[in-house]
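Structural overview
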Amino acid sequence: MLTRFYHALFFLAALANYFLETNAFVLSSSNPVTRFETAQFGTTKIAPSLPEPKDISYGEMSRKYRRTVYTHDDWRKHRNPDRFFYYLRSIFVSGVYKSLGREVVATTGLATFIVIYNAIIGGYTDFENHQHAALIATNLPLMGLPLNPFTLSSPSLGLLLVFRTNTSYQRWDEARKNWGMNINHTRDLVRMGNAFYDKTGVSPEQRQNDLKVLSLCTWAFVRSMKRHLSPEDEDEEDFVWELFEKLPAQQAQAIIDAAHRPNRALQDLSYAIENLPMHFLRKNELHKAVTIFEDNLGSSERILTSPVPLFYSRHTARFLSFWLLFVPFALYEPFGASWNHVAMIPATAAISVFLFGIEELATQLEEPFTILPMQAFCDKIYNWCTEIVSWDAGDNGMSVNEPRPEHTVFANLEDIGR
């Protein structure tokens, strides 16, 4: 009995020390934002160090470190058969659990108070397993509630949490698909621009410049979309720097000054397509990709500006909070076999961590853009589009066939349109 008591006290002390010690998750903020070379994405950005926490939760500040882009090595680690042991060992450094410190301390503290209060009012067992009478003679009742109300209400709470997490994941999934469409169609647009380019009467230098403008305008849209969906204090400085680094100064300034920057970048992309020497039917195929970009932008704006209905989120949070605050009263009797019912304290802490954690996961997923690796996506698009426009027909040894005579009807159609 004495050993179990000491184990329980040690667990509570470690738990309180972990949640209350802010230095456990403070990182230095002295390192500036830098960029480095990677094999997969080329030049990309290193996330800045965490600043000292003020009135912003750890969960909010840690979002920039959740922008994971998996490679084969990451998937091997993800499938590692020892992952369960690793996840259990890392539970005390989890950002999700760190952000729940006050809530878990509140429910665990209440459970501790119930144990102490009932021992004082109703009697207790000492370390030698001897029963003692109440320390205070009073007619006050012991603190406790029947377990049945919590058993009956737990399915309803489970449904609320399931719907909350499913809806949040669907929002994350749609946002990720929007960026997947951007990646696919930027490559498709630049590939068609390169393949459809009519080199007749055009110098190699002019062709190279036209395709470079097409590639840069394509990148400028996705980079402007990334800035449009990111917090200003996080991305504005990098956005301005990247635009002036890659675009002509006048074009970069026009995008920066626009009220809706992605729209301005799309307009520049349309101008770049129209300046390409090719048949108008082929230009229409390129413009279809621009329309898809507009749809992806609109879908992302809808996700950013329209949360899950607030009354649903608030009701779920209130239901969960009241349920976890009152469940320690119902756990007192079921843990009667433990020394002075003390086992209900770590049980309350564990239940609180995992149930509050489900709601926290849903909240973190609800706004997906600040946990998506959008900077890596933009860097990837820039590198791949730049590579595509560097290719030329015949540079791989394949023969290039001249247009057949029967295909000249398309050229004639263009003349008729004039």
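What counts, and where the lines are drawn
- Residues numbered from 1 in each chain as written.
- Predicted model: local features only at pLDDT ≥ 70, side-chain atom pairs only at ≥ 80, totals over all residues.
- Heavy atoms only, no water.
- Helix = DSSP H or I, 4+ residues; strand = E, 2+ residues; numbered from the N terminus.
- Polar contact = N/O pair within 3.5 Å; in protein donor to acceptor, adjacent residues only side chain to side chain.
- Core = buried A, V, L, I, M, F, W, Y, C linked by side-chain atoms within 4.5 Å.
- Buried < 20%, exposed > 50% of the residue type's maximum accessible area, 1.4 Å probe, protein only.
- Contact = heavy atoms within 4.5 Å.
- Patch = residues over 30% accessible without salt bridge, like charges linked within 9 Å, V, L, I, M, F, W, Y side chains within 5 Å.
- Areas by Shrake-Rupley, 256 points an atom, 1.4 Å probe, with all protein chains shown as cover.
- Salt bridge = Lys/Arg side-chain N within 4 Å of Asp/Glu carboxyl O.

1. Details of the side chain of Gln375
- Looking at the secondary structure, you find Gln375 in helix α15 (residues 374-389).
- Polar side-chain contacts of Gln375 include one of 3.5 Å to the side chain of Lys226.

2. Section: the nonpolar core
- Counting residues in each nonpolar core, the largest one holds 45 residues, and the members touching the most others are Trp179, Leu189, Phe221, Leu243, Leu247, Leu269 and Phe369.
- Those elements that place two or more of their residues in this core are α7 (148-196), α8 (204-228), α9 (232-246), α10 (249-257), α11 (261-274), α12 (280-305) and α15.
- The element that contributes the greatest number of residues to this core is α8, accounting for nine residues.
- For Leu189, the residues in contact, after removing those within four places along its chain, are Leu214, Thr218, Leu269, Ile273, Leu286, Ala289, Val290 and Phe293.
- Of all hydrophobic cores here, the second largest spans 26 residues; its members include Tyr97, Val342, Ala349 and Phe356.

3. Let's talk about a nonpolar patch on the surface
- Together, Leu145, Phe322, Leu325 and Phe326 line one region of the surface with nonpolar side chains, adding up to about 370 Å² of accessible area.
- In this fold, Leu145 is placed in the loop between β4 (131-132) and α7.
- Taking relative accessible area as the criterion, Leu145 reaches 38% and is therefore assigned partly exposed.

4. Quick word on the environment of Trp323
- Here Trp323 lies in helix α13 (residues 310-331).
- As a C-alpha pair, Trp323 and Leu157 span 166 residues in sequence and 8.6 Å in three-dimensional space.
- Within the local environment of Trp323, its side chain forms a polar contact with the side chain of Ser153, the two groups lying 3.0 Å apart.

5. Notes on the pattern of salt bridges
- Taken as a whole, this structure holds 16 salt bridges when the rule is applied.
- Ionic pairing is found between Glu366 and Arg164, a salt bridge with its closest N-O pair at 3.1 Å. On the criterion of sequence distance, the pair formed by Glu366 in helix α14 (residues 344-366) and Arg164 in helix α7 is long-range, its members being 202 residues apart.
- For Glu366, a relative accessible area of 11% puts it in the buried group.
- Take Arg164: its relative accessible area is 3%, and that puts it in the buried class.
- Close ionic contact of Lys199 with Asp392 constitutes a salt bridge, the shortest N to O distance being 3.4 Å. Here Asp392 lies in the loop between α15 and α16 (408-417) and Lys199 lies in the loop between α7 and α8, a separation of 193 residues in the sequence.
- A relative accessible area of 39% means that Lys199 is categorised as partly exposed.
- Relative accessible area serves as the criterion here: at 31%, Asp392 is assigned to the partly exposed category.
- In this structure, a network of salt bridges that share partners links the residues Arg223, Lys226, Asp235 and Glu242.

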